[in-house]
Amino acid sequence: MSAATLARTVGASLATGKRAERSLGSLAFQLVLLVCLLVGLLTLATLLVDVLRKGVGGLDASFLTSLDSRFPEKAGIRPALVGTLWLMGLTAVISFPLGVGAAVYLEEFAPKNRFTSFLEVNVANLAAVPSVIYGLLGLAVFVRGLQMGRSIMAGAMTLVLLILPVIIVATREALRAVPDSIREGAYAVGATQGQTVWHQTLPAALPGTMTGMILGLSRAIGETAPLITLGALTFVNFVPRGPWDRFTAMPIQIFNWVSRPQSEFQNVAASGIILLLGVLLAMNGVAVYLRYRYERRW
Amino acid sequence: MRMAPRWLGAAALVVALSLAAVACGNTEEGGGGSTGGGLTGTVTGDGSSTVFPITQAVAEEFTAENPDVQVSVGISGTGGGFEKFCNGETDIQDASRPIEQDEIDLCRKNGIEYVELQVALDGLSVVVNPANDWASCLTVDQLKAIWEPGSEIDNWSQVDPSFPDRPLTLYGAGTDSGTFDYFTDAIVGEEGASRSDYTASEDDNVLVQGVAGDENALGYFGYAYYVENSDKLKVLAIDGGNGCVEPTPETINDGSYTPLSRPLFVYVKKASLANPAVVAFMDYYMANSQALVKDVGYIDVHPDTYAAEVKEWEDFKASA
Amino acid sequence: MAITTGVSLTRRRTRRVEALVRRLLLLCAVVSVATTLGIIGSLLFEAIDFFRVVSPREFFTGTSWGPTFKPATFGVLPLASATVLIALLGTAIAVPLGLGSAIFLSEYARPRTRALVKPALEVLAGIPTVVFGFFGLTFLTPRILQPLLPGTGVFNALGAAIVIGIAVTPLVASLAEDAMRAVPFGLREAAYGLGATRRTVSLRVVVPAALSGIMAGVILALSRAIGETMIVAIMAGQIPNLTLDPRQPMETMTAFIVQMSLGDTPYGSIEYKTIFAIGTTLFAMTLVLNIAALRFVRRFRERYE
């Protein structure tokens, strides 16, 4: 079978449309797209396999309930785990209304003037600020200025500022994608702008908002440098019991383990990474489910 | 498809509540509410990531005996740590170098009095690849010639005529670490004076990997990282004027491994002496650190030094 | 699509409530302004202090960066060139990967495939950057780059750019894909009706219609690549190096900021103040970039109804 015939046969089973589609060109294009997708997925797979291989053995009850130690076999992640859970919970709860609110304002209510353009550029620019700078800002404003101390709340507020641009941009794009006919239909039956947004536009944009939350929270859970800069700790011998307690977080703990001379700590770090990804999946799972459920095509 | 914001609210509430339940779980592990009797309070430390393992080891053992004291230690770096210390935000400062004038001024401006205690020694080790069979001892002058600013040495034969004609690749500390400051000061004669064309990293594990994988390599980093990887590395003896001395716990302790034995410090704030938890913690530190430092790859201080430091601590407590 | 019933359509009370809500929303948007002001505020004071000691000319045109060396040099060009090189390379990798994945997921994949793969890609966004960094250092560079590209160092810019590109791909992919899925089906069907292939529909109909969302993803990715800290700090090295050869180690502005703020330099010294000078410069650079990008995107934005 010649290459052209093979391509035609395979293409026929994959393609839709006219005969022109069943060609090498279309097939090649599809292949290129697949490769693009696979690079990311393969990297993920390689990372996961490596991490699982090294860390799955160490994932036991004592790892989850112990404090950190200078001995690899005794080291545990409990304070860091609880710290991360508190941190993520607060960050999600604060960033969602702030981000969605800002996006709704910019997209639905703001007049098309200079000030709005300035706001837009501002938001986009904030996405480029290195995370360490947010740490310095958090130290100056939240820890010292607002007297929150080196607390979970200060850390969460700093992370909120860090991920706000992603949430705003994603939500704006989602709002933009809602066809105007939806809005106009609502106006036609006498709804006010606020009612339209709350009952029609925003629900329709929910899936895109979820994407923003997923991307934002994923970023926040893995950040080390800003937290250390504002004073998150690397060793605590207690579990934080409220948003005003001092804390440590999982990425900080993992980073610390990776830097230790004893090679067994690389495996301990791998166990920590697996747990971190588990928390991330649980967190994102809610958002992914919501997105999937309320998706719609126009 | 109908949208129900109520769903969202309920779901969010459920998620939030369950998170809270997990996080506010049982607090039998360390710190927290008083279990009746026993010391309570908080101790906050911060500073150098080099000294951190020692303070953490002390905290670990201290927690076993005093579970209701909340101890927390950070690694903002010696510089960042001093800034917080001199702002009165921490009780204890870990430092891989003595306090500098800018910091002394800041502490004075804020009325922070403190004591400096030497708690351990680190032996900066100069290492080569195990396949390197020509070098076993270098003099300080030879090291200086290799590392000084503008050095053009890129071949082993330029270091010593008896060495073979092989390229020299260098690995060393990041330029913002105590290791860098100490090495340049001790070897080249001035802090910060170093050539800039070498592979630098703040993470010593990376340097270990580099030297272990390169037959022509020469690197320097903390003793702990050499000891943990001694099967992959070969350490060089250093001739500081009194013959070739290899870094070992004994030679670092008695000072014969010179000039690369560097002291590690802990600073304590005077105002924190009013906090019994801090006093108990530091008492424990001074009593037990010498045994614990070995677990984390550092060297205990010379007995004479130790006695002097203990006395300094006792005097400081008495002066409160 | 049903319009909700039971909504109060009485005017007066609703109007007042709505006005209040509008104010609240404006406040949310203004938080971003407050953040910027806060950042500029915390950066600018120390940066001005810095420029009193170090001349701006030396800073912006000097080719050697070594504030902790003796003698100290303060030329930002090595750091700036590293930042731009790695950010551009990284984005150049992320955009095709992300766009390709998005087109595949949106136009070619079955719904079940998409429901599984899209979240999987987003897990990629959640991998801590330190993990990415060490993965690159211990796997990508020694096992892939060094054998394939002789002369590549242990630390090199290319590896950092590749890893950043992969780490940032979910940003482009997710946002682009959301935008593509929002393109009304009618547009596609019209094209198919004229006999277009899926490839043509994807590239000539869907992508242009979704350009707004795609560009948003690209700009976000570029911004993220510029501001990325840990991956470059771990993979590209910590010695400044003015070169365009990506096989060599170099230090970016962000890697330097991290190194300096977590290191042993005394707070308040001139070396420490370099953090703020670099931070301010970086902020200004990205501001210019974003203004230009948004102006460019606005010209090409299309609305379909």
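Residues numbered from 1 in each chain as written. Chains lettered and ligands numbered in written order. Predicted model: local features only at pLDDT ≥ 70, side-chain atom pairs only at ≥ 80, totals over all residues. Heavy atoms only, no water.

Chemist: How should the confidence of the model for chain C be read in this particular structure?
Modeler: The predicted coordinates of low-pLDDT regions are not to be read in fine detail. When pLDDT is averaged along chain C, the result is 86, and 94% of the positions lie at 70 or above. Both scores are available for the predicted complex, with the pTM at 0.84 and the ipTM at 0.80. (pLDDT = per-residue confidence, 0-100.)

Chemist: Looking at this structure, I do not really get the environment of I278(C). What am I missing?
Modeler: All names here are of chain C. Here I278 is to be found in helix α12 (residues 270-300). I278 sits in the buried class, given a relative accessible area of 0%. Linking I278 and G90, residues 188 residues apart in sequence, is a C-alpha distance of 21 Å. Here I278 is in contact with F59, W65, V76, L79, M253, F256 and I257, once residues within four sequence places are set aside. (Helix = DSSP H or I, 4+ residues; strand = E, 2+ residues; numbered from the N terminus. Buried < 20%, exposed > 50% of the residue type's maximum accessible area, 1.4 Å probe, protein only. Contact = heavy atoms within 4.5 Å.)

Chemist: Just to check I follow, could you spell out the sheet that holds strand β11 (residues 237-239) of chain B for this structure?
Modeler: All names here are of chain B. Pairing is mixed across the open sheet formed by 3 strands, whose spatial order is β6-β11-β12. Across the chains shown, the open sheet's two edge strands, defined by having one partner strand only, are β6 (137-139) and β12 (244-245). As paired strands, β11 and β12 are joined by 2 bridges and run antiparallel to one another. Note that in β12 the partner of I238 across the bridge is V245. Helix α5 (residues 140-147) rests against β6 and β11 of the sheet, and its axis sits at about 75 degrees to β6. (Pairing = 2+ DSSP bridges. Axes fitted to C-alpha atoms, helices over the stretch in contact; angles between N-to-C directions.)

Chemist: Explain the interface of chain A and chain C here, please?
Modeler: Where interface size is given, it is often the accessible area lost as the parts come together that is meant. Taken together, the contact pairs 97 residues of chain A with 99 residues of chain C. For the pair chain A and chain C, the two sides together bury roughly 8700 Å², of which 71% comes from carbon and sulfur. At the junction of chain A with chain C, the criterion picks out 1 salt bridge. As a salt-bridge pair, E122(C) and R291(A) come within 2.9 Å of each other at their nearest N and O atoms. For the side of chain A that touches chain C, the per-class residue count stands at 58 nonpolar, 26 polar and 13 charged. (Buried area = accessible area lost by both parts, 1.4 Å probe. Salt bridge = Lys/Arg side-chain N within 4 Å of Asp/Glu carboxyl O. Nonpolar A, V, L, I, M, F, W, Y, C, P; charged D, E, K, R; others polar.)

Chemist: Help me out: how do you make sense of the packing of aromatic side chains in this one?
Modeler: The relation between two aromatic rings is expressed through the spacing of the ring centres and the mutual angle of the planes. Under the criterion given, the structure shown has 31 aromatic pairs over all chains. Look at F62(B) and F281(B): their rings are 5.1 Å apart centre to centre, the planes differ by 90 degrees, and that puts the pair in the edge-to-face class. On the criterion of sequence distance, the pair formed by F62(B) in helix α2 (residues 52-65) and F281(B) in helix α11 (residues 276-292) is long-range, its members being 219 residues apart. Exposure remark for F62(B): the relative accessible area of 1% places this residue in the buried category. Between the aromatic rings of F51(C) and F59(C), the centroid separation amounts to 5.1 Å while the plane-to-plane angle is 85 degrees, which identifies the pairing as edge-to-face. In this structure F51(C) comes out as partly exposed when scored by relative accessible area, which is 23%. Residue F59(C) is classed as buried on the basis of its relative accessible area, which comes to 0%. Here the aromatic cluster, defined as three or more aromatic residues joined through ring pairs, consists of F50(C), F51(C), F59(C), F60(C), W65(C), F74(C) and F256(C). Positioned over the ring face of Y294(A) is R293(A), at 5.4 Å from the centre of the ring. (Phe/Tyr/Trp six-rings, centres within 6.5 Å; stacked < 30°, edge-to-face > 60°. Lys NZ or Arg CZ within 6 Å of the ring centre and 35° of its normal.)

Chemist: How should the nonpolar core be read in this particular structure?
Modeler: One recurring pattern in soluble globular proteins: nonpolar side chains tend to sit buried together. Counting 228 residues, the largest nonpolar core has I54(B), F281(B), M282(B), Y285(B), I39(C), M180(C) and I278(C) as its most contacted members. Contact partners of F281(B), with chain neighbours within four places excluded, come to V43(B), T55(B), V58(B), A59(B), F62(B), V71(B) and I92(B). Listed in part, the 49 residues of the second largest apolar core include L138(B), L143(B), A173(B) and I252(B). (Core = buried A, V, L, I, M, F, W, Y, C linked by side-chain atoms within 4.5 Å.)

Chemist: Teacher, can you tell me more about unusual backbone geometry here?
Modeler: Glycine aside, a negative phi is what most residues show, and trans is what most peptide bonds show. Each neighbour pair has its own omega, and for T258(B) with P259(B) the value is 0 degrees, a cis peptide bond. As for its placement among the helices and strands, P259(B) is situated in the loop between α10 (249-253) and β13 (261-269). Positive phi is not limited to glycine here, since Q147(A) has a value of about 60 degrees. Tracing the chain through its elements places Q147(A) in the loop between α6 (131-145) and α7 (152-177).

Chemist: What's the story with a nonpolar patch on the surface in this structure? I'm lost.
Modeler: Side chains of L48(A), L52(A), V56(A) and L59(A) sit close together on the surface and give an oily, nonpolar patch of about 290 Å² of accessible area. With respect to the element layout, L48(A) can be found in helix α2 (residues 24-55). (Patch = residues over 30% accessible without salt bridge, like charges linked within 9 Å, V, L, I, M, F, W, Y side chains within 5 Å. Areas by Shrake-Rupley, 256 points an atom, 1.4 Å probe, with all protein chains shown as cover.)

Chemist: Honestly, the state of the cysteines in this entry has me stumped. Any pointers?
Modeler: Should the sulfur atoms of two cysteines be covalently bonded, the bond is a disulfide. Residue and element names in this part refer to chain B. Inspection of the entire model under this criterion finds 2 disulfides over all chains. With its sulfur 1.9 Å from that of its partner, C86 forms a disulfide with C107. An S-S torsion of about -75 degrees defines the bridge between C86 and C107 as left-handed. Pair noted here: C86 is in the loop between α3 (77-85) and β3 (92-95) and C107 is in helix α4 (residues 101-109), with a separation of 21 residues, a long-range link. (Disulfide = S-S within 2.5 Å.)

Chemist: How should I be thinking about the pattern of salt bridges in this particular structure?
Modeler: Pairing is possible between side chains of opposite charge, provided their charged atoms come close. Residues and elements named next belong to chain A. Tallied over the full model, the rule gives 34 salt bridges over all chains. Among the salt bridges present, the one from E173 reaches R176, with a minimum N-O distance of 2.8 Å. You can see E173 and its partner R176 sitting in helix α7, 3 residues apart, about one turn around the helix. In this structure E173 comes out as buried when scored by relative accessible area, which is 13%. Owing to a relative accessible area of 14%, R176 belongs among the buried residues under this scheme.

Chemist: Is there a simple way to explain the side chain of S106(C) in this structure?
Modeler: Residue and element names in this part refer to chain C. Note that S106 resides in helix α3 (residues 77-108). Look at S106 and you get buried, because its relative accessible area is 8%. A polar side-chain atom of S106 sits 2.8 Å from a polar atom in the side chain of E107. (Polar contact = N/O pair within 3.5 Å; in protein donor to acceptor, adjacent residues only side chain to side chain.)

Chemist: Even after reading the chapter, I still don't get the sheet that holds strand β9 (residues 217-221) of chain B, so can you show me in this structure?
Modeler: Think of a sheet as strands paired side by side through backbone hydrogen bonds, with each pair either parallel or antiparallel. All names here are of chain B. Pairing in this open sheet of 5 strands is mixed, and the strands run β8-β7-β9-β5-β10 from one edge to the other. Looking at strand neighbours, the two that pair on one side only are β8 (199-201) and β10 (234-235), the edges of this open sheet. Note that strand β7 (residues 169-173) and β8 share 3 bridges and pair parallel. Directly across from A173, in β8, lies its bridge partner S201. The sheet strands contacting α5 are β5 (125-128), β7 and β9, and the helix crosses β7 at an angle near 95 degrees.

Chemist: Is there a simple way to think about the layout of surface pockets in this case?
Modeler: Using a probe with the size of a water molecule, rolled over the atoms, empty space left in the structure can be pinpointed. There is about 870 Å³ of room inside the second largest pocket. Among the secondary structure elements, those contributing two or more residues to the lining of the second largest pocket are α2, α11 (250-258) and α12 (264-293) of chain A, α8 (204-212) of chain B together with α5 (129-148) of chain C. Examining the composition of the lining of the second largest pocket, we find that 8 residues originate from one element, α5(C), more than from any other. Classifying every residue of the lining of the second largest pocket gives 17 nonpolar, 9 polar and 7 charged. (1 Å grid on protein atoms, 1.4 Å probe; cavity = no way out; pocket = protein on both sides within 12 Å on 5 of 7 lines; lining within 4 Å. Points joined across faces, edges and corners; volume = space filled by probe spheres on them.)

Chemist: Honestly, empty space enclosed by the protein in this entry has me stumped. Any pointers?
Modeler: Under the counting rule described, the total for this entry stands at 11 cavities of 30 Å³ or more. Space inside the largest cavity adds up to approximately 1000 Å³. Taken together, 49 residues make up the lining of the largest cavity; nearest its centre are S259(A), S49(B), E202(B), D203(B) and Y225(B). Per-element tally for the lining of the largest cavity: the top contributor is α2(B), with 4 residues. For the lining of the largest cavity, the residue count by class is 23 nonpolar, 17 polar and 9 charged.

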